[in-house]
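Here's the letter readout for the chains.
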Amino acid sequence: MSSGKRKRLTLAQKIEIIKFVEAENIGIRAVAEKFNIGKTQTFAECKKVMLDRGKVFLKKLTDARNKVAKITLPFFVDGTNILTHSKSRVVLEAMKLAVNSQKRFHVFVSESSPDKSGIEMYDCLKALDIPCTLILDSAVGYIMERVDMVMVGAECVVESGGIINKIGSCTMAICAKEFKKPFYVLTESYKFSRMYPLNQKDLPNNFKYNGNNSNDDNLLHAHPSVDYTHPSYISLLFTDLGILMPSAVSDELIKLYL
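In this text the structure is predicted, and so the values were computed from the model without any measurement. (Residues numbered from 1 in each chain as written. Predicted model: local features only at pLDDT ≥ 70, side-chain atom pairs only at ≥ 80, totals over all residues. Heavy atoms only, no water.)

Chemist: What's the story with the packing of aromatic side chains in this structure? I'm lost.
Modeler: Inspection of the entire model under this criterion finds 4 aromatic pairs. Relative to phenylalanine 238, the ring of phenylalanine 75 has its centre 4.9 Å away and its plane inclined at 85°; by these criteria the two rings are edge-to-face. Placement of the pair is phenylalanine 75 in the loop between helix H3 (43-72) and strand S1 (80-85) and phenylalanine 238 in strand S9 (residues 236-239), with a sequence separation of 163 residues. Among the residues examined, phenylalanine 75 registers a relative accessible area of 25% and is labelled partly exposed. Phenylalanine 238 gets classed as buried once you look at its relative accessible area, which sits at 0%. When the centroid spacing of 5.0 Å and the interplanar angle of 55° are considered together, the rings of phenylalanine 76 and phenylalanine 105 count as tilted. Separated by 29 residues along the polypeptide, phenylalanine 76 in the loop between H3 and S1 and phenylalanine 105 in strand S2 (residues 105-110) bring together distant segments of the chain. A single burial state applies to phenylalanine 76 and to phenylalanine 105, both of which are buried. An aromatic cluster of three or more residues is present, and its members are Phe75, Tyr184 and Phe238. (Phe/Tyr/Trp six-rings, centres within 6.5 Å; stacked < 30°, edge-to-face > 60°. Helix = DSSP H or I, 4+ residues; strand = E, 2+ residues; numbered from the N terminus. Buried < 20%, exposed > 50% of the residue type's maximum accessible area, 1.4 Å probe, protein only.)

Structural data, given as structure tokens:
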């Protein structure tokens, strides 16, 4: 930019920049869309509004996770075996509250390739002294008959009540339904987004792949980071708004965006 007057960005423009830079993070995009954006603020006003709203959002995020953990607590029955996928902060918070409430349960954690985020989840559970077993992603079908429920987080909850989450979530959900095991999603309501994918192809490439795989040739050999799980495979959504059926998400989105 030249040494002359700097161009003043409106809050709307700043949010658009955030959405562009973090386009592959669906959760951040969902948050950005929920800011009530004005179009006439100066840069100083934008900065103040962003900081103020950021503090409010941080508190709401913490409160939301606590609410989700509390409403999930009754589902942690002594002796329960739970299967989870990847690392989810809200799932971890729920399990932390459960073990602190003297609930006895065992967690099977899939490795969650290609980034092995399940190993990080496993380490977090071990640090909390929660009995857990790390399994291969390919062992989901093998272990499913031994578990009582599947409990996962979500990168994003779409209008249909389906979720976008770490790659492998869809496979786990299909397997759970075949074995007649409940598939529970724990998520904060800020992750509700006005998207309506019908299948995996409907997910934008910038959500599925990182920035290094932007051209078509790379996409042929790249591993997608997320997949779409249809609402028909989801039993319940545990949110800070309460326990919801997937069909209730569209109604809640209307309220959130009013």
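Chemist: In this structure, what is going on with the environment of lysine 166? I would like to understand it.
Modeler: Within the fold, lysine 166 resides in strand S6 (residues 163-166). On a C-alpha basis, the gap between lysine 166 and proline 114 in space is 10.0 Å, while along the polypeptide they are 52 residues apart. A distance of 2.5 Å separates polar atoms of two side chains, one belonging to lysine 166 and the other to aspartate 115. (Polar contact = N/O pair within 3.5 Å; in protein donor to acceptor, adjacent residues only side chain to side chain.)

Chemist: What exactly am I supposed to notice about the sheet that holds S2 here?
Modeler: Think of a sheet as strands paired side by side through backbone hydrogen bonds, with each pair either parallel or antiparallel. What the 7 strands build is an open sheet, ordered S3-S2-S1-S4-S7-S9-S10; its pairing is mixed. Lying at the two open borders of the sheet, with one neighbouring strand each, are strand S3 (132-135) and strand S10 (242-244). Looking at each pair of strands side by side, their axes are set apart by 25° on average, direction ignored. Against the sheet, helix H4 (residues 89-100) touches S1, S2, strand S4 (149-152) and strand S7 (183-186), its axis set at about 160° to S2. (Pairing = 2+ DSSP bridges. Axes fitted to C-alpha atoms, helices over the stretch in contact; angles between N-to-C directions. Contact = heavy atoms within 4.5 Å.)

Chemist: Help me understand the side chain of threonine 80, please; the structure alone is not making it clear to me.
Modeler: Here threonine 80 lies in strand S1. Taking the relative accessible area as the measure of exposure, threonine 80 reaches 6% and is therefore buried. A distance of 2.5 Å separates a polar side-chain atom of threonine 80 from the backbone oxygen of valine 77. Non-local contacts of threonine 80, meaning those with residues more than four positions away in its chain, are made with Arg104, Phe105, His106, Asp148 and Met149.

Chemist: Looking at this structure, I do not really get helix H10 (residues 249-257). What am I missing?
Modeler: If you check which residues of H10 are buried, you get Val249, Glu252 and Leu253. Down the axis of H10, the buried set is contained in an arc of 105°. They therefore lie on one face. Seen from the buried face of H10, the exposed residues on the opposite side, beyond 90 degrees, are Ile254 and Lys255. Contact partners of the buried residues in H10: strand S5 (156-157), S9 and S10. (Arc of directions from axis to C-beta.)

Chemist: Just checking my understanding: could you explain the pairing of S9 for this structure?
Modeler: Across the two faces of S9 the burial is the same, with Leu236 and Phe238 and Leu237 and Thr239 all buried. The pairing of S7 with S9 spans 3 bridges and is classified as parallel. Looking across to S9, one finds that tyrosine 184 is bridged to leucine 236. For S9 and S10, the ladder comprises 3 bridges, and the chain directions are antiparallel. Considered in S10, the bridge of threonine 239 is made with glycine 242. From the end of S9 to the start of S10, which pair antiparallel, there are 2 residues.

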